[in-house]
Amino acid sequence: MIDFLKAQPDRPVILKSAEITERYHYWRLHIMLTMYGGYAWLFCMRKSLNHVMPAVMVDQGLDLSDIGLMGTLFYTVYGCSKFISGMASDQANPRYFMGLGILISGLANVLLGFSNSMVSFTCLIVVSACFHGWGWPPCARLLTSWYSQSERGVWWSCWNTAHNVGAALSTLIVGYIAMYYGWREALVVIGLLGMIAGIMVCWRLRDKPATMGLPSVGAWGQDPLEQQQENTEPDLNYQVILSVYVLKNQYIWLLAVSYVLVYIVRIAVSDWVNLYFVQAHHYDLVSANSILFIFEVGGFLGSLVAGWGSDKLFGGNRGPMNLLFALGVFLSVVALWLMPVFSFVLQASCVFAIGFFVFGPQMLIGMAAAECSHKAAVGAATGLLGLFAYLGAALAGYPMALVIEHYQWTGFFIVLTVVSAVIGLLLLPFFLAQVPDQVAVD
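First, a word on scope: everything that follows refers to the structure included in this document.

The rules behind these values
Residues numbered from 1 in each chain as written. Predicted model: local features only at pLDDT ≥ 70, side-chain atom pairs only at ≥ 80, totals over all residues. Heavy atoms only, no water. Helix = DSSP H or I, 4+ residues; strand = E, 2+ residues; numbered from the N terminus. Rg over C-alpha atoms; globule rule 2.2 N^0.38 Å. Buried < 20%, exposed > 50% of the residue type's maximum accessible area, 1.4 Å probe, protein only. Contact = heavy atoms within 4.5 Å. Areas by Shrake-Rupley, 256 points an atom, 1.4 Å probe, with all protein chains shown as cover. Lys, Arg positive; Asp, Glu negative; His and termini not counted. Charge placed at Lys NZ, Arg CZ, Asp CG, Glu CD. Axes fitted to C-alpha atoms, helices over the stretch in contact; angles between N-to-C directions. Parallel < 35°, antiparallel > 145°, perpendicular 65-115°, else oblique. Left-handed = near helix turned anticlockwise from the far one by under 90°. Nonpolar A, V, L, I, M, F, W, Y, C, P; charged D, E, K, R; others polar. Core = buried A, V, L, I, M, F, W, Y, C linked by side-chain atoms within 4.5 Å. Phe/Tyr/Trp six-rings, centres within 6.5 Å; stacked < 30°, edge-to-face > 60°. Expected span 1.5 Å × (residues − 1). Bend = angle between axes of the 7 residues up to and from the residue. Arc of directions from axis to C-beta. Patch = residues over 30% accessible without salt bridge, like charges linked within 9 Å, V, L, I, M, F, W, Y side chains within 5 Å. Salt bridge = Lys/Arg side-chain N within 4 Å of Asp/Glu carboxyl O. Polar contact = N/O pair within 3.5 Å; in protein donor to acceptor, adjacent residues only side chain to side chain.

## Digging into the overall build of the chain
Logical step 1: The helix and strand tally for the chain stands at 17 helices and 0 strands.
Logical step 2: At 21 Å, the chain has a C-alpha radius of gyration in line with the 22 Å of a compact globule built from 442 residues.
Logical step 3: For the C-alpha atoms alone, the extent of the chain along its principal axes is close to 65 × 45 × 35 Å.
Logical step 4: Classification of the 442 residues of the chain by burial places 56% in the buried group.
Logical step 5: Sequence-distant contacts, at least 24 apart, represent 85% of the contacts inside the chain between residues at least 6 apart.
Logical step 6: Roughly 17200 Å² of accessible area belongs to the chain as shown, and the carbon and sulfur atoms make up 70% of that amount.
Logical step 7: With 20 positive and 24 negative side-chain charges, the chain shows a spacing of 7 Å between the two charge centroids.

## Side note on the packing of helix 14 (residues 319-338) against helix 15 (residues 344-372)
Logical step 1: Contact pair helix 14 / helix 15: the axes reach a minimum separation of 8 Å and the direction vectors enclose 150°. Relative to helix 15, the element helix 14 is oriented roughly antiparallel. Between helix 14 and helix 15 the crossing geometry is left-handed. Judged by residue contacts, Met 321, Asn 322, Phe 325, Ala 326, Gly 328, Val 329, Ser 332, Val 333, Ala 335 and Leu 336 of helix 14 engage Gln 347, Cys 350, Val 351, Ala 353, Ile 354, Phe 356, Phe 357, Val 358, Gly 360, Pro 361, Leu 364 and Ile 365 from helix 15.
Logical step 2: Class assignment of the residues belonging to the contact of helix 14 with helix 15 gives a composition of 17 nonpolar, 5 polar and no charged.

## Observations concerning the nonpolar core
Logical step 1: Counting residues in each nonpolar core, the largest one holds 131 residues, and the members touching the most others are Tyr 39, Val 265 and Phe 412.
Logical step 2: With 18 residues, helix 12 (residues 250-281) is the largest single contributor of residues to this core.
Logical step 3: Each residue touching Tyr 39, except ones within four places of it in the same chain, is listed here: Arg 46, Tyr 78, Met 98, Gly 135, Trp 136, Cys 139, Trp 159, Ala 162 and His 163.

## Re the packing of aromatic side chains
Logical step 1: By the definition in use, this model includes 31 aromatic pairs.
Logical step 2: Ring centres of Tyr 39 and Trp 159 lie 5.0 Å apart, and the angle between their planes is 55°; this geometry places the pair in the tilted category. Here the residue Tyr 39 occupies a position in helix 1 (residues 17-60), and Trp 159 occupies one in helix 6 (residues 149-160), the gap between them amounting to 120 residues.
Logical step 3: According to the relative accessible area criterion, Tyr 39 is buried, its value standing at 1%.
Logical step 4: Seen in terms of ring centroids, Tyr 283 and Phe 344 are 5.9 Å apart; in terms of plane orientation they differ by 45°. Their pairing is tilted.

## What about helix 17 (residues 398-427)?
Logical step 1: With 30 residues, helix 17 should reach 44 Å at 1.5 Å per residue; the first-to-last C-alpha distance of 27 Å falls well below that figure.
Logical step 2: When the local axis directions of helix 17 are compared, the greatest deviation, roughly 130°, occurs at Tyr 407.

## A few points about helix 4 (residues 118-132)
Quick reminder: α-helices carry 3.6 residues per turn. Residues three or four places apart thus point the same way.
Logical step 1: The end-to-end C-alpha distance of helix 4, which contains 15 residues, comes to 20 Å, matching closely the 21 Å that a straight helix rising 1.5 Å per residue would cover.
Logical step 2: Among all positions in helix 4, only Phe 121, Leu 124, Ile 125, Ser 128, Ala 129 and His 132 are buried. When helix 4 is viewed along its axis, its buried side chains cluster within an angular range of 140° and face the same direction.
Logical step 3: The inward-facing, buried residues of helix 4 abut helix 1, helix 2 (64-89), helix 3 (94-112) and helix 8 (183-204).

## A few points about a nonpolar patch on the surface
Logical step 1: A cluster of nonpolar side chains, contributed by Leu 172, Phe 293, Val 297, Phe 300 and Leu 301, occupies part of the molecular surface with about 390 Å² of accessible area.
Logical step 2: At 4 residues, the largest contribution of residues to the nonpolar patch is made by helix 13 (residues 285-312).
Logical step 3: Relative to the elements of secondary structure, Val 297 occurs in helix 13.

## Let's talk about the packing of helix 2 against helix 4
Logical step 1: Between helix 2 and helix 4, the shortest axis-to-axis distance is 7 Å and the interhelical angle comes to 30°. The angle between the axes of helix 2 and helix 4 places the two elements in the roughly parallel class. The hand of the helix 2/helix 4 crossing is right-handed. Of the residues in helix 4, those touching helix 2 at Asp 66, Met 70, Leu 73, Phe 74, Val 77, Tyr 78 and Ser 81 are Met 118, Phe 121, Thr 122, Ile 125, Val 126, Ser 128, Ala 129, Cys 130 and His 132.

## Quick word on the environment of Arg 95
Logical step 1: With respect to the element layout, Arg 95 can be found in helix 3.
Logical step 2: For the pair Arg 95 and Gly 198, spaced 103 residues apart in the sequence, the C-alpha separation amounts to 9.8 Å.
Logical step 3: At a separation of 3.3 Å, a polar atom in the side chain of Arg 95 contacts the main-chain carbonyl oxygen of Leu 205.

## A look at the environment of Ile 365
Logical step 1: For Ile 365, the location among the structural elements is in helix 15.
Logical step 2: Distance in space between the C-alpha atoms of Ile 365 and Ile 84 is 19 Å, their sequence separation being 281 residues.
Logical step 3: Excluding residues within four positions of it along the chain, Ile 365 makes contact with Leu 255, Ser 258, Tyr 259, Val 262, Asn 322, Leu 385 and Leu 427.

## Regarding the pattern of salt bridges
Logical step 1: Per the stated rule, a full pass over the model turns up 5 salt bridges.
Logical step 2: As a salt-bridge pair, Arg 141 and Asp 207 come within 3.3 Å of each other at their nearest N and O atoms. Of this pair, Arg 141 sits in helix 5 (residues 136-146) while Asp 207 is found in the loop between helix 8 and helix 9 (217-221), placing the two residues 66 residues apart along the sequence.
Logical step 3: The class for Arg 141 is buried, based on a relative accessible area of 7%.
Logical step 4: In this structure Asp 207 comes out as buried when scored by relative accessible area, which is 4%.
Logical step 5: For Arg 318, the salt bridge identified is with Asp 311, shortest N-O distance 2.9 Å. This pair shows no difference in class: Arg 318 is buried, exactly as Asp 311 is.
Logical step 6: Put simply, Arg 152, Asp 311, Arg 318 and Glu 371 are held in one network by salt bridges that share partners.

Here it is in structure tokens:
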């Protein structure tokens, strides 16, 4: 690894108690704001091509299968990148790791604005997907380093809304620029702003507390759940930790399979539902896209409620909240499919409910994986889940396009309904789990 990307060495704690508290308060807020802004813009760039795709299809002569193929390729490469970068980020300085990923993703977005062929689109999408994978693992590491388990649900849920803010910003900004100036200009502007965001992250983010001469967050906050995880076999080397606490951890694998299904629902709704409303209910593009905006609003609120509820109602146990939200996903998908009366308000309400409920498991499963693994392998654990998540996202691309082509929108909703039901079944074993006490160690 290049020297400037490596994690900084730990420094001894020599500060007084009041100074430690002051620095913790300052940096927790600033790190959260920097992570939030950086990831929101990374997500804004990720969705930018989707929002100009109708214009790109007309301009470049692409068809539905081309779009599905590019989506599957992006999500597959992105998922692999999350796993590999997850392992790398455990031993990297998140400040430069995340910042460089955003910077290069921005550059790829700029170059997409100058592309003129399927080949150039495909190559740049692969590069972009690769560096988009540098965003999530450093954030997971920082969220588990600076915020303790009994309070992490609230902080993590606040950070998770960066997905929805990024997607909503992309809808508004990309839509406006594309409408008045063109799709190429939209991609270039979003990419240039992304490069600035990457520089800001390199400037304002910091590594874990120990590298800044601060005690661990568990010791500072006197959180017994956090201290239990921090004290788990601290002298093991990274390869053993990776093997025992990630690759051989049965809870991680169960969460990973659940994540595949959650992402099939989330990405299928995000990428296909506006087309469903245009084709099946004859909405215009503005009305159809406005429902997608409502989906993100639902996700924003659902993330906050899920994180708050898992902390305040279930004492940091993510299982019960996960199960409640999984049930909500199933019911809202069925309601959108089978409602006897069609109207914009009713259908938008169902999409809002899907967004509200699906972003709960999307966040809580990732958080549970971080808490089920070792402190030194959070990036690898969440990266492995990211790989599975975007396997699900890839299945929502080209394979879902084939389902729609052969079985129309009825086939689309049958798939989503079955997937939603299985999510709840897979999360049942976590209902009574006290996560820190049940890490499987061979």
